[in-house]
Amino acid sequence: MQQDLQTNPNQQMENATTTIVQTDVGAKDGQNKCPKCGATDISLNTSNGKLRCNFCRHEFEPEKVEGLETDISKLQGQIIGSGATNIVADTNDVITFKCSSCGAEVVMDTSETTTARCHWCRSVLSVNQQIPNGSIPDVVLPFGIPKEEAKKQIEAFVSKRKFFAHPKFKEEFTTENIMGVYFPYMLVDINAHAFFCGEGEHQTAKYFRGNGEQQRAYYDADLYHVEREFDIAIQGLSVESNLDKLNNSQEKTNNVINAIMPFDVENCVKYNANYLKGYTSEKRDVNVDQLRTLVDTQAKDIVRFAANETLTQYDRGVAWSNEQVDMKGQQWQAAYLPVWLYSYQQVKGEHKILHYVAVNARTKETMGSVPLHMPKLLGISCLVEILGIIAMFFINFDSNWLFLLVGFLYFFIMFMKYRNANARHTYELETKKNIGNLKEVDQLIQSKTGLTSSKMEGANNERVNGTKGNLLNALTGEQVGNFVVDAVTNTSPLASFVKENIENKGDNKQ
Ligand SMILES: [Zn+2]
Ligand SMILES: [Zn+2]
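A few points on the structure. What you see is a predicted model; the values in this text were computed from it and never measured.

Looking now at the overall build of the chain. Looking only at helices and strands, the chain features 11 helices and 19 strands. Within the chain, buried positions represent 38% of all 510 residues. A sequence separation of at least 24 residues applies to 77% of the contacts in the chain between residues at least 6 apart.

What follows is the structure, encoded as structure tokens:
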């Protein structure tokens, strides 16, 4: 790791002036009445994201939160939505309402729900004013995908993973009990200034030396001194804000829920409890300060990848020796984002593993984990391995020892395809950002010849720090699968080697 922490961004924002913006202005607890007919039975119409009176079908225009900074490049200091302020530990979750229709007292546990029916007159009462227990965010992104569509997505995902699925799972799998859940996230807008300095390499030639099996590739490259300085506005960086989902333990496949991001968070609307009717929600249990390190690390990754868009000529990579990101302003909002969730608990002796298949209820992006039938996968991987070893003896190829890996590779690909253990949100590429006032320095230092590596030594412009899985960077089963397909379909030596192998196998059968 290099010395890129001359200024600690954590410190920077912790000591910045903080403005709290009240986001529940005008919100009313108790009965929310339809202005047309006075009914209180109001819920979300998923086809257009609007609230609708279930009695007279009147639809409400969604409200936006007011008072927040919309031009991120103007952000200074720290702005926090009132729904994102610190949770107060001894908040009483239970609220008692007097029903305005019949006068009865209705008790509601706000850690569980924010709407309830009056037992006597059946009016709906809701909590829209913020309480410092994390259950009422600033904004909500309404469900946009109905349950039936989510079921189809989940079924399609699982049906592609039936062969090695655990028999008990196959027997018990049903999408009847999928749940619509609003999970808590923090949305962070960031205004920053970046300065990067280092060296980059551009390939000028590639050629081969030696004959036959001794042949080797060599590269020529121009080495440059590189500087990039720019302003950057990052919009809606989204991080989970409950401990359960931030936890990367082995017992839960939380990473698949992370992987269905991004959401179209720019379409979030002002919180109203009626959006949650018919869905469940999980309340936020972490504060801004606990998420600062994660957010700042991810923000730096986003800035580094933004710089990469100006570095396309350095096809061999850039080695930064100095990376400075000055946080000028941050704006935090608490949000509920919509997820359709299928869950399945696998019991493996002492261990319990919770598998999820999650569908982004805005974009339909789907990711999941399917319990494997290990004996079958191991058995077939062994078979593949044996075939590989046999092939090794029949095929006259210099690197035919590679066949020894075939069984392991097969196991790995299948394991990744079912479990998706390294699937994650590629926030460094998918978060919205804008750069401005770009200053570039590119000075030729020297031309190098006869290099043996296709990449620059020490290149670090594509590293990602804000994720635990950064060793196998987003290497999902499907991506590994695609890699193998690419290897077969393109014309590299490896590809012709694999093709030969496949053709020979076919010949052996005859
Ligand atoms: Zn009505
Ligand atoms: Zn009542």
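For strand β19 (residues 432-451), a buried count of one out of 20 residues is recorded, marking the element as mostly open to its surroundings. By the bridge criterion, 15 bridges tie strand β13 (residues 216-240) to β19 in an arrangement that is antiparallel. Opposite Tyr-224, over in β19, you have Leu-444 as the bridge partner.

Bringing helix α2 (residues 147-159) into the picture now. Spanning 13 residues, α2 covers 18 Å between terminal C-alpha atoms, matching the ideal 18 Å at 1.5 Å per step. Within α2, the full set of buried residues consists of Ala-150, Gln-153, Ile-154 and Val-158. Burial along α2 is one-sided: seen end-on, the buried residues are contained in an arc of 125°. In this structure, α2 carries Glu-148, Ala-156 and Ser-159 as exposed residues pointing more than 90 degrees from its buried face. Looking at the buried residues of α2, the elements they touch are β16 (317-348), β17 (351-360) and β18 (366-368).

Turning to the sheet that holds strand β4 (residues 50-53), a few remarks are in order. Read across the sheet, three strands follow the order β3-β4-β5 without closing on themselves; strand pairing throughout is antiparallel. Among the strands making up the open sheet, the edge pair consists of β3 (42-45) and β5 (59-60). Examined bridge by bridge, β3 and β4 share four bridges and lie antiparallel to one another. Looking at β4, one finds that Ser-43 is bridged to Arg-52.

Its location among the elements puts Phe-164 in the loop between α2 and α3 (167-172). Considering only alpha carbons, one finds Phe-164 and Leu-372, 208 residues apart in sequence, at a separation of 5.7 Å. Apart from the residues lying within four places of it in its own chain, the contact partners of Phe-164 are Leu-372, His-373, Lys-376, Leu-377, Met-414 and Tyr-418.

This paragraph deals with the sheet that holds strand β9 (residues 115-117). Spatially, β2-β10-β9 is the arrangement adopted by the three strands of the open sheet, whose pairing is antiparallel. In this open sheet, the two strands that pair with only one neighbour each are β2 (30-31) and β9. In terms of strand pairing, β2 meets strand β10 (residues 124-126) through two bridges, oriented antiparallel. Paired with Gln-31 across the strands is Leu-125, a residue of β10.

Turning to the nonpolar core, a few remarks are in order. Among the nonpolar cores identified, the biggest contains 99 residues, and Ala-335, Val-339 and Ala-358 are the most heavily contacted of them. Broken down by element, this core gets its largest block of residues, 14 residues, from β16. Per-domain counts for this core show at least three residues from each of domain 1 (9-188 + 240-316 + 331-368) and domain 2 (372-419 + 476-510). Among all residues touching Ala-358, those that are not within four sequence positions of it are Val-256, Ile-257, Ile-260, Val-339, Leu-341, Met-367 and Gly-368.

What follows covers the environment of Gln-290. Secondary-structure assignment places Gln-290 in helix α6 (residues 288-308). Residue class for Gln-290 comes out partly exposed when judged on the 14 C-beta atoms lying within 10 Å of it. For the pair formed by Gln-290 and Ser-241, sequence separation is 49 residues and the distance between their alpha carbons is 9.3 Å.

The subject of this paragraph is the environment of Val-325. When you line up the elements, Val-325 lands in strand β16. As for Val-325 and Glu-229, which are separated by 96 residues in sequence, their C-alpha atoms are 9.8 Å apart.

This part is about the pairing of β17. Here β16 pairs with β17 via 10 bridges, running antiparallel. Directly across from Trp-340, in β17, lies its bridge partner Val-359. As paired strands, β17 and β18 are joined by three bridges and run antiparallel to one another. Paired with Ala-358 across the two strands is Met-367, which belongs to β18.

In this chain, Met-261 is followed by Pro-262 through a cis amide linkage whose omega measures 5°. When you line up the elements, Pro-262 lands in the loop between α5 (255-259) and β14 (269-270). Positive phi is not limited to glycine here, since Arg-122 has a value of about 65°. Along the chain, Arg-122 falls in the loop between β9 and β10. A positive phi angle is found at Asn-437, which is not glycine, with a value near 50°. Among the secondary structure elements, Asn-437 is positioned in strand β19. Residue Asn-437 is classed as exposed on the basis of its 10 C-beta neighbours within 10 Å.

Cut-offs and rules
- One numbering rule holds for all chains: residues counted from 1, following each sequence as written.
- Throughout, the order in which chains and ligands are written sets their labels, letters from A for the former and numbers from 1 for the latter.
- Confidence filtering applies because this is a predicted model: local features only for residues at pLDDT of at least 70, side-chain atom pairs given and counted only at 80 or more, and all residues used for totals across whole chains, interfaces and linings.
- Each helix is a run of H or I in the DSSP string that is no shorter than four residues. Each strand is a run of E no shorter than two, and both are numbered from the N terminus.
- To assign burial, the other C-beta atoms lying within 10 Å of each residue's own C-beta are counted, with C-beta atoms placed from the backbone; 20 or more indicates buried, 12 or fewer indicates exposed, and intermediate counts indicate partly exposed.
- Each residue is represented by a C-beta atom placed from its backbone, and any two residues with such atoms within 7 Å are regarded as in contact.
- In this scheme, strands are said to pair when DSSP sees at least two bridges between them.
- Take the number of residues in a helix, subtract one, and multiply by 1.5 Å to get its expected span.
- As used here, the arc belongs to the directions running from the helix axis to the C-beta atoms.
- Residues enter a nonpolar core if they are buried, belong to Ala, Val, Leu, Ile, Met, Phe, Trp, Tyr or Cys, and are joined to the set through C-beta atoms within 7 Å.
- An automatic or database domain assignment supplies the start and end points of every domain.

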